[in-house]
Amino acid sequence: MNAAGHPEATERRGLELTPFRGLRYDPDRVGSLAAVTSPPYDVVVRPDGLHHLESADPHNIVRLILPQATTPGARDEQAASTLRRWVAEGVLTADPEPGLYVYEQRAPDGTLQRGVIGALRVTDPADGLVLPHEDVMPHIVAERADLMRATSANLEPLLLTYRGDDTTATTAEIIERTAEKPPLLATTTEDGVHHRLWALTDAADLTDVQSDLVRHQALIADGHHRWATYRSLRAEHPSPSPWDYGLVLLVDTARYPLRVRAIHRLLHGLPVRDALTALDALFRVRHLRTSLPEALTALEEATRAGNAFLLAGDGAYHLVDRPDPDLLARTVPADHPLAWRTLDATVLHATLLAHVWHVPEDSPAHIAYIHDAAATVAKAEHDGGTAVLMHPVHEDVVRDLARQGVTMPRKSTSFGPKPASGLVLRTLDR
């Protein structure tokens, strides 16, 4: 064991997942476990979703992951003082012994996902153990770092995936066996997803899981900014330190394939008419008078032949495809693999945002990234901006690029189901 209470790895050949004492809500101190949970911080659509969660229960986790105050410093201090108060009042209590946590999500459509939550040793992309597939925005990493630094806690787990095989059969058996036992908690959130959580504390089981995972690498499915934050904060603290580890959920996608969805763009201050005018002679534009589901189906069909996007915000849908080859040759960097150059997200960022619409991709005043298509359209119509709806990328493309060390444009994909925030936290000062 090292000074941080974690086992030393003599050879870091793969993922090093370690037990921790989870901090969890006391169900006797809150209205319901469902009422204190939240989607991950970047999925909460402000301000409606934020206000809805805040009113669901005075102890909703959103008060920690998205604190509200007049300045960034005040927001971080508010989250820190709220966390301290909830711990002092017994709203949040630490489990009696360290463990890993088996986590299950069951959706209304029958989709089942199980994985293991633990503290994963933080590594760099060059180590080839935890593979990012998207670029990050520095200002978001800085914001998340300030919040984690102030609270001294990992408030919500990242979603990482690995491809299980014969070497992880024991871990798979332990997960399935654990899921047959009474859980620590069970709750159904308002989206109809049923969540269950178990503590895995048996020494033999812990050793088996750790031995299995050390042979593997993981893909960051959701949480690139938080993983970059883990790396930044690790660098601030001399090792060994609790900051050497970060809270993650690891899912074996060979057993539980994830859904891959697109993340859409809302362009502030760019009316649809101006966006379409700028596309004249550069893309084919077809105007659709149809419903959103039908328009998304048309988008899916168009992407089979090449790059395509769906613009909205003026009460109609506009299918944009068949970009001018000369335009792509001038704007898309040629020093990347073909699979990267032909991504819709690459063409959107390198061609449309940078050269056609002149929208800075890292400016919150000009662009927002929203997971829900209907919400993106509604906000565009309300604000007078342009919604750019995307079609999702296949997981195999994401994983292949990540293994080559090639990152996709930021916010290119949304993997799910995402873990609910608020079921288990990790503090770094215990």
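You'll find the structure just up there.
Residues numbered from 1 in each chain as written. Predicted model: local features only at pLDDT ≥ 70, side-chain atom pairs only at ≥ 80, totals over all residues. Heavy atoms only, no water.

Enquirer: Explain the overall build of the chain to me, using residue names and the numbers behind them.
Expert: The helix and strand inventory of the chain stands at 15 helices and 21 strands. Here the C-alpha atoms of the chain give a radius of gyration of 22 Å, agreeing with the 22 Å that 2.2 N^0.38 yields for 430 residues. The C-alpha extent of the chain, read off along each of the three principal axes, is 65 × 45 × 45 Å. For the chain, the residues scored as buried account for 55% of the 430 residues in total. Of all intrachain contacts in the chain linking residues separated by at least 6 positions in sequence, the fraction that spans at least 24 positions is 78%. Of the roughly 18,000 Å² of accessible surface on the chain, 51% is carried by carbon and sulfur atoms. Here the chain contributes 43 positive and 58 negative side-chain charges, whose respective centroids are spaced 1 Å apart. (Helix = DSSP H or I, 4+ residues; strand = E, 2+ residues; numbered from the N terminus. Rg over C-alpha atoms; globule rule 2.2 N^0.38 Å. Buried < 20%, exposed > 50% of the residue type's maximum accessible area, 1.4 Å probe, protein only. Contact = heavy atoms within 4.5 Å. Areas by Shrake-Rupley, 256 points an atom, 1.4 Å probe, with all protein chains shown as cover. Lys, Arg positive; Asp, Glu negative; His and termini not counted. Charge placed at Lys NZ, Arg CZ, Asp CG, Glu CD.)

Enquirer: Outline the pairing of strand β16 (residues 308–312), supporting the account with residue identities and numerical values.
Expert: Of all the 5 residues making up β16, 5 are buried; the element is thus mostly covered by neighbouring parts of the structure. Side chains of β16 alternate between two faces, with A308, L310 and A312 and F309 and L311 buried alike. Remark: 4 residues form the turn of the hairpin made by β16 and strand β17 (residues 317–321), two consecutive strands paired antiparallel; G313 in that turn has positive phi of roughly 140°. Pairing geometry for β16 and strand β19 (residues 386–389), over 3 bridges, is antiparallel. Residue pairing across strands places L310 opposite L389, the latter belonging to β19. (Pairing = 2+ DSSP bridges.)

Enquirer: An account of the environment of L17 is needed here, citing residue identities and associated values.
Expert: Considering the arrangement of structural elements, one finds L17 in strand β1 (residues 17–18). Linking L17 and L247, residues 230 residues apart in sequence, is a C-alpha distance of 9.4 Å. Contacts of L17, omitting those with residues within four sequence positions, involve L100, V116, G118, A119, L120, Q210, L213, V248 and L250.

Enquirer: How would you sum up the pattern of salt bridges? Please name residues and give values.
Expert: Across all of its chains, the model carries 22 salt bridges by this definition. Close ionic contact of D95 with R24 constitutes a salt bridge, the shortest N to O distance being 2.8 Å. Of this pair, D95 sits in the loop between β3 (92–94) and β4 (100–106) while R24 is found in strand β2 (residues 23–25), placing the two residues 71 residues apart along the sequence. In terms of burial, D95 and R24 fall into one category: buried. Close ionic contact of E236 with R149 constitutes a salt bridge, the shortest N to O distance being 2.7 Å. One end of the pair, E236, is in helix α8 (residues 224–236); the other, R149, is in helix α5 (residues 138–151), and 87 residues separate them in sequence. (Salt bridge = Lys/Arg side-chain N within 4 Å of Asp/Glu carboxyl O.)

So, to be careful, I would describe these as geometric facts and stop short of saying anything about function.
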